[in-house]
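# Chains, contacts and geometry: an overview
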Amino acid sequence: MTETFTPSTRFAVPGRIAVSNRAAAVWQTATLTEIRSETPHASTFRFAVPAWAGHLPGQHLMLRLTAEDGYAAQRHYSIASAPDDAGHIELTLDHVEGGEVSGWFHTIAKPGDEVQVRGPLSGFFAWPGDRPALLIGAGSGVVPLMSMVRHHRARGLSLPLRLLVSARSPEELIYAREFDAETTPVFTRSASEGVPVGRMAAAHVAPLLAERPTGGWEAYVCGSNAFAEHASRLLVEAGQPVDRIRIERFG
Ligand SMILES: Cc1cc2nc3c(=O)[nH]c(=O)nc-3n(C[C@H](O)[C@H](O)[C@H](O)COP(=O)(O)OP(=O)(O)OC[C@H]3O[C@@H](n4cnc5c(N)ncnc54)[C@H](O)[C@@H]3O)c2cc1C
């Protein structure tokens, strides 16, 4: 049985962190402090949020932009940073063609700008660092998974963690500079010479499942609707129990 995460739980083992859920109901001001380019279409936006109550790797927040005439737009964004970044959070946004909110961030936003955030949200897709984690993402679906990778590193956890990530090309691979031995990239459109190109397949998933860590993998899948369907089917066909697959869809 999958244990459902309860936000109020107090954890005792290293790597586990506790988060109050009361703060999720309150809008807070987040001040943009830094913008880092990740790929030609994705950038990371760092914010100071002094009263941020913390989050678990994998959680997301609600972000609100308000225009001078009062018009407001709200969107969900996964939190990219690890929890141990007191008073700061980082988001990584794809620039969606014609997108209202992502367009504003990619073309207008500058350090010093203020937005509103509310969170953290969704305990189900959270990984507190308590069990082996098999992470599978595509495109910006890697964002919440990167928070897990960063948490794993920041806490020096010895639990197995693997990341299988799909991108169109090496240039489109978000966080490429940060990946290490835990990560296997899959390129769907182009890659450097000698690197295979193609869709994520059973051959990518099977060797990871064959590692069979003690207690088994908790699988986290994130991406578009189509990718989430595809990746979870691969997992089930490779023997991963359905009730140990957690899915976040950006579609
Ligand atoms: C739980 C959750 C977490 C998310 N985390 C992230 C994240 O970490 N990083 C991130 O970049 N996005 C993330 N998203 C997607 C994000 O919420 C927005 O949908 C996205 O930024 C587009 O918003 P927009 O205002 O720019 O575009 P809109 O103005 O809403 O849409 C413009 C056009 O683009 C299409 N469109 C909308 N969203 C997408 C999309 N995701 N892909 C392709 N076309 C789209 C619309 O149909 C429309 O035609 C997440 C979504 C969810 C539900």
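Residues numbered from 1 in each chain as written. Predicted model: local features only at pLDDT ≥ 70, side-chain atom pairs only at ≥ 80, totals over all residues. Heavy atoms only, no water.

Moving on, we get to the overall build of the chain. The number of helices and strands found in the chain is four helices and 11 strands. In terms of overall size, the chain behaves like a compact globule, its C-alpha atoms giving a radius of gyration of 18 Å where 251 residues would be expected to give roughly 18 Å. Oriented by its inertia axes, the alpha-carbon framework of the chain measures out at about 55 × 45 × 30 Å. Looking at the 251 residues of the chain, the share that counts as buried comes to 51%. Long-range pairs, those at least 24 residues apart, make up 67% of the contacts in the chain between residues at least 6 apart in sequence. Only carbon and sulfur atoms are counted for the fraction: they give 52% of the accessible area of the chain, which is about 11700 Å². (Helix = DSSP H or I, 4+ residues; strand = E, 2+ residues; numbered from the N terminus. Rg over C-alpha atoms; globule rule 2.2 N^0.38 Å. Buried < 20%, exposed > 50% of the residue type's maximum accessible area, 1.4 Å probe, protein only. Contact = heavy atoms within 4.5 Å. Areas by Shrake-Rupley, 256 points an atom, 1.4 Å probe, with all protein chains shown as cover.)

Our next topic: the sheet that holds strand 10 (residues 218-223). Read from one edge to the other, the open sheet built from five strands follows the order 9-8-7-10-11, with strand pairing classed as parallel. The sheet is open, and its two borders are formed by strand 9 (183-187) and strand 11 (245-249), each paired with just one other strand. The average undirected angle you get between the axes of adjacent strands in this sheet is 15°. The pairing of strand 10 with strand 11 spans five bridges and is classified as parallel. (Pairing = 2+ DSSP bridges. Axes fitted to C-alpha atoms, helices over the stretch in contact; angles between N-to-C directions.)

In the vicinity of the ligand, 20 residues are found, and the nearest of them are Arg75, His76, Tyr77, Val101 and Ser102. Backbone polar atom of histidine 76 to an oxygen atom of the ligand: 2.7 Å apart, as the coordinates give it. Interatomic distance of 3.1 Å between a backbone N/O atom of serine 78 and a nitrogen atom of the ligand. Taking 900 Å² as the accessible area of the ligand by itself, protein coverage stands at 65%. Here the ligand occupies the largest pocket. Elements that contribute at least two residues to the shell around the ligand include exactly strand 4 (72-78), strand 5 (88-94), helix 1 (100-107) and strand 11. The greatest single-element share of the shell around the ligand, amounting to four residues, is contributed by strand 4. (Near = heavy atom within 4 Å. Polar contact = N/O pair within 3.5 Å; in protein donor to acceptor, adjacent residues only side chain to side chain. 1 Å grid on protein atoms, 1.4 Å probe; cavity = no way out; pocket = protein on both sides within 12 Å on 5 of 7 lines; lining within 4 Å. Sits in = over half its atoms within 2 Å of the grid points.)

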